[in-house]
Amino acid sequence: MLHEMSHGIMAMAFGGRIIEIQIDERIGGYCKYVMQPSFWGHFMVASAGYLGSLCFGALILVLAVKSSKDKYISLGIAIALFVLSYFVFQSGAFFGTAMTVGLAVFMLIAFIYFSPLFHDLWLKFIGITSCTYVILDIKDDLIDRSGIGSDADAIANLTGLPSISIGILWMGIALFTLILVLRYIYKHRKS
């Protein structure tokens, strides 16, 4: 969800708009958008899936470690998911819509009824899962099934570089970022 949402946010940052977002049961999906053609716009939108999952995951993880108001972070995520569900609903796909709305409702219920310990552990789980998802997503896109029209393939088409080199670069960025975040939270964890 964060991956596809990040494509849409970046498209909007470059003057575009989201038409629909589809999320399927195979942990895949797409973000359909329109925007003026430009190299940097398309480069940044293609990069935004990996970058967005990584940055949102790192942010959630750091906030969960540093904040004592984790339930309000959960509420913010619930609100973001409700907004995202509008675009997922536009795809007409039942699974994606049910998952997005279901997770939003779950997080809203958790905000109201669940303990601070639950929110702390849940947000850490979401954060670390999002960060590591990037590494697995790149591996799946480029090592297990290369040339499938992935984000790295789109970047390769724009730059003329081989998609495998794009994937290795993104995997290095993701691993480096994950190490930095884990070192940071280890040094700054709540007592």
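Residues numbered from 1 in each chain as written. Predicted model: local features only at pLDDT ≥ 70, side-chain atom pairs only at ≥ 80, totals over all residues. Heavy atoms only, no water.

Caption draft 1: Expanded view of the overall build of the chain. Regarding its fold elements, the chain presents seven helices and two strands. In sequence order, the chain lays out its α and β elements as α-β-β-α-α-α-α-α-α. Rg of the C-alpha trace for the chain: 17 Å, near the compact-globule value of 16 Å for 191 residues, within the 12% margin. Residues counted as buried form 43% of the 191 residues belonging to the chain. Partitioning the intrachain contacts of the chain with sequence separation of at least 6 by distance along the chain shows that 66% fall at a separation of at least 24. (Helix = DSSP H or I, 4+ residues; strand = E, 2+ residues; numbered from the N terminus. Rg over C-alpha atoms; globule rule 2.2 N^0.38 Å. Buried < 20%, exposed > 50% of the residue type's maximum accessible area, 1.4 Å probe, protein only. Contact = heavy atoms within 4.5 Å.)

Caption draft 2: Region of the structure containing the pattern of salt bridges. Under the definition given, this model contains one salt bridge. Between K124 and D120 there is a salt bridge; the shortest N-O distance is 2.9 Å. Taken as a pair, K124 and D120 lie in helix 5 (residues 116-144) at a separation of four residues, close to a single helical turn. Among the residues examined, K124 registers a relative accessible area of 28% and is labelled partly exposed. Accessibility expressed as a relative area gives 11% for D120, which makes it buried. (Salt bridge = Lys/Arg side-chain N within 4 Å of Asp/Glu carboxyl O.)

Caption draft 3: Structural detail: the layout of surface pockets. By volume, the largest pocket is sized at about 1,600 Å³. If you trace the largest pocket, you find 49 residues lining it, with M1, L2, H3, I27 and Y133 closest to the centre. Listed by contribution, the elements that provide at least two residues to the lining of the largest pocket are helix 1 (2-13), strand 2 (29-34), helix 2 (39-66), helix 3 (70-90), helix 4 (94-113), helix 5 and helix 6 (151-159). Residue contributions to the lining of the largest pocket peak at ten residues, all from helix 5. The class makeup of the residues in the lining of the largest pocket is 29 nonpolar, eleven polar and nine charged. (1 Å grid on protein atoms, 1.4 Å probe; cavity = no way out; pocket = protein on both sides within 12 Å on 5 of 7 lines; lining within 4 Å. Points joined across faces, edges and corners; volume = space filled by probe spheres on them. Nonpolar A, V, L, I, M, F, W, Y, C, P; charged D, E, K, R; others polar.)

Caption draft 4: Examining helix 1 more closely. Over its twelve residues, helix 1 extends 16 Å from the first C-alpha to the last, a length consistent with the 16 Å expected when each residue adds 1.5 Å. Of the residues trailing helix 1, G15 is marked for its positive phi of about 85°. (Expected span 1.5 Å × (residues − 1).)

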